[in-house]
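Listed here are the chains, written in short residue letters.
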Amino acid sequence: MSTVSIIELIVSAVLSAVGIIGFFATKKDEITDKKQKKKHRLFLVLIIIAVWFLIGTVIQIFSKIKMGLSVEFQLFSNRVTFFGFSVAETTLVGWGIVLIALLLSLIFRLFVFPKFDPDHPKGFQNVMELAVEATQNFTGGILGDYGKQVAPYMFSLAVFMIFSAFSELLGFRPPTSDLTVTFAMGLITFFLINYYGIRKKGVDGRLKGMMVPTPIVLPMKILSDIATPVSLACRLFGNMLGGVIVMHLLKSALGGYAVGIPAVAGLYFNLFHPIIQTYIFIILSLTFISEAVE
Amino acid sequence: MNAIGAGLAMLTAFGAGIGMCFATAKAVEAVARQPEASGKINTLLLLGCALAESTAIYAFVVALILAVK
Amino acid sequence: MEGFVLSQAATDLIINILNIILLFLIVRALVYKPVRKFLDQRAARVESIKSEAEKALQKAKDQEEKYQKLSEENTERCNQLLREADKTASKKAEEIIAEAKKQGDDYLKEQREKIAHEHEDMLTSMQDEIVDMAVGISEQILKREVSESDNEKIVREYFAAKNG
């Protein structure tokens, strides 16, 4: 233990004590004066800051976490041995997500759905119905008749992406921040684009659609079609990895003091950002499919 | 050298930022003119921003590939 | 690009694709389809109730139309009946008036004839009486050729007797 950390500990302890004493001292008085009220609130803020500082210092002393802006990161996720096979960590997390989804949906199917009231939905039933109906309307609004067939896939994609965003909170690397996972999603979208395009127009119809102004643009159109899954995958990967890196940087910069602040930042990077990216991935997939179908 | 290359690659973010700024400005104008169409404009704005952002994201990926060894 | 092996990345890609498809199948079979079925059933039920209600409404409308038609017909018939009754009544009244007039005329004629007849009868009976009287008076006069006063007395007596 260095002298600096001892001084920090003493200072934070004293500050918290002062804050607590001041808080209770001002609270005992009849608070009618505006100045007194302000003082009271100031002591509360002081308590929060001092306690945060104290906890941070204690963690800093005992856990040997180093503060600094260095972040160790790999573009591709770590390999782990799983029953003798070398698999990526994100793949393992993906399997975990599928397992959790399987368990949850089995519980829903076996224990929750039979209790559903057919005429008066309430509580959880409302949530499920709203989610399914919203997906249906959303895909139907963009794709029309094919929307009904694509809707369950988009629903499960949203489930996967949101679950993977939450897996970051447990300390794993989220599967969506792995290029292979996002490429898998992009390839499925690519397959769907061509499947519906060929089903609607036939192979020659789809090729003819690519030669719209002149046949010269055909290679470019094919190239842009191939670029679609790459662009989708890279967009999702970059966005999610960016969020993960920012969170890692924040945590490493704060060191032991990373107690309350990353939670606030996590509201954006772990909740809002993944949901927006999910929305964008799904709406872009649907838009590309509808473009192929038209 | 790799770090310098990564930093240069991230200059693309200028373009993406300016493009998104234009898109958002126009969307705000449109909403101010027609508040009842805000839902549709919102969807379109998100889509446009995602597409405009994608250049920056590609640059980010390139920078990552350069920087992360 | 440390840690990148093409074969590993390809296996990961395939595993991930299968993973997502598996998730899709699970979610579709266990969550999406039951809820969808649930919603569809409810929609069908609501639709059936709606169609039933529509049917009932249509029936009520039909009934209303029918009744309206019936009531119109009834009014029409009523009016016709009234008109007919009016017509017959006026006709009958005319007939009655004509008959009454005829009867009155007949009666008047009869009465007149009767009066004329009675008058004649009276005249003849009066003539007869006058003749009888004259004969009686002359007999009295002739019976006793007496003075003028006697004659007068006789006449007076006769009249008195006659009156008495």
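Refer to the preceding data block for the structure.
All of these numbers come straight from a predicted model, not from anything done at the bench. (Residues numbered from 1 in each chain as written. Chains lettered and ligands numbered in written order. Predicted model: local features only at pLDDT ≥ 70, side-chain atom pairs only at ≥ 80, totals over all residues. Heavy atoms only, no water.)

*Asks:* Account for the state of the cysteines, with residues named and values stated.
*Replies:* Here the structure, examined in full by the defined rule, presents 0 disulfides over all chains. The thiol of A:Cys234 is unpaired, and the distance to the nearest cysteine sulfur, on B:Cys49, comes to 20 Å. Judged by relative accessible area, A:Cys234 falls into the buried class, the value being 13%. (Disulfide = S-S within 2.5 Å. Buried < 20%, exposed > 50% of the residue type's maximum accessible area, 1.4 Å probe, protein only.)

*Asks:* So, the packing of aromatic side chains: which residues are in play, and what are the values?
*Replies:* Enumeration over the complete set of coordinates arrives at 8 aromatic pairs over all chains. Ring centres of A:Tyr146 and A:Tyr196 lie 5.0 Å apart, and the angle between their planes is 55°; this geometry places the pair in the tilted category. Pair noted here: A:Tyr146 is in the loop between helix 4 (124–143) and helix 5 (147–167) and A:Tyr196 is in helix 6 (residues 179–210), with a separation of 50 residues, a long-range link. You'll find A:Tyr146 and A:Tyr196 in the same group, each marked buried. The interplanar angle of 80° and the centroid separation of 5.8 Å between the aromatic rings of A:Tyr153 and C:Phe24 together place this pair among those described as edge-to-face. (Phe/Tyr/Trp six-rings, centres within 6.5 Å; stacked < 30°, edge-to-face > 60°. Helix = DSSP H or I, 4+ residues; strand = E, 2+ residues; numbered from the N terminus.)

*Asks:* Residues and numbers for the interface of chain A and chain C, please.
*Replies:* With 41 residues of chain A at the interface, the matching set in chain C holds 29 residues. Counting each side, the surface lost to burial between chain A and chain C is near 3,400 Å², with a carbon and sulfur contribution of 73%. Between the two partners, chain A and chain C, sit 1 salt bridge. The salt bridge partner of C:Arg42 is A:Glu129, with a shortest N-O separation of 2.9 Å. Among the elements of the structure, strand 2 (85–88), helix 3 (89–112), helix 4, helix 5 and helix 6 of chain A are those that each provide at least two residues to the side of chain A that touches chain C. Sorting elements by how many residues they give to the side of chain A that touches chain C places helix 3 of chain A first, with 10 residues. Along the lines of polarity and charge, the residues of the side of chain A that touches chain C split into 27 nonpolar, 8 polar and 6 charged. (Contact = heavy atoms within 4.5 Å. Buried area = accessible area lost by both parts, 1.4 Å probe. Salt bridge = Lys/Arg side-chain N within 4 Å of Asp/Glu carboxyl O. Nonpolar A, V, L, I, M, F, W, Y, C, P; charged D, E, K, R; others polar.)

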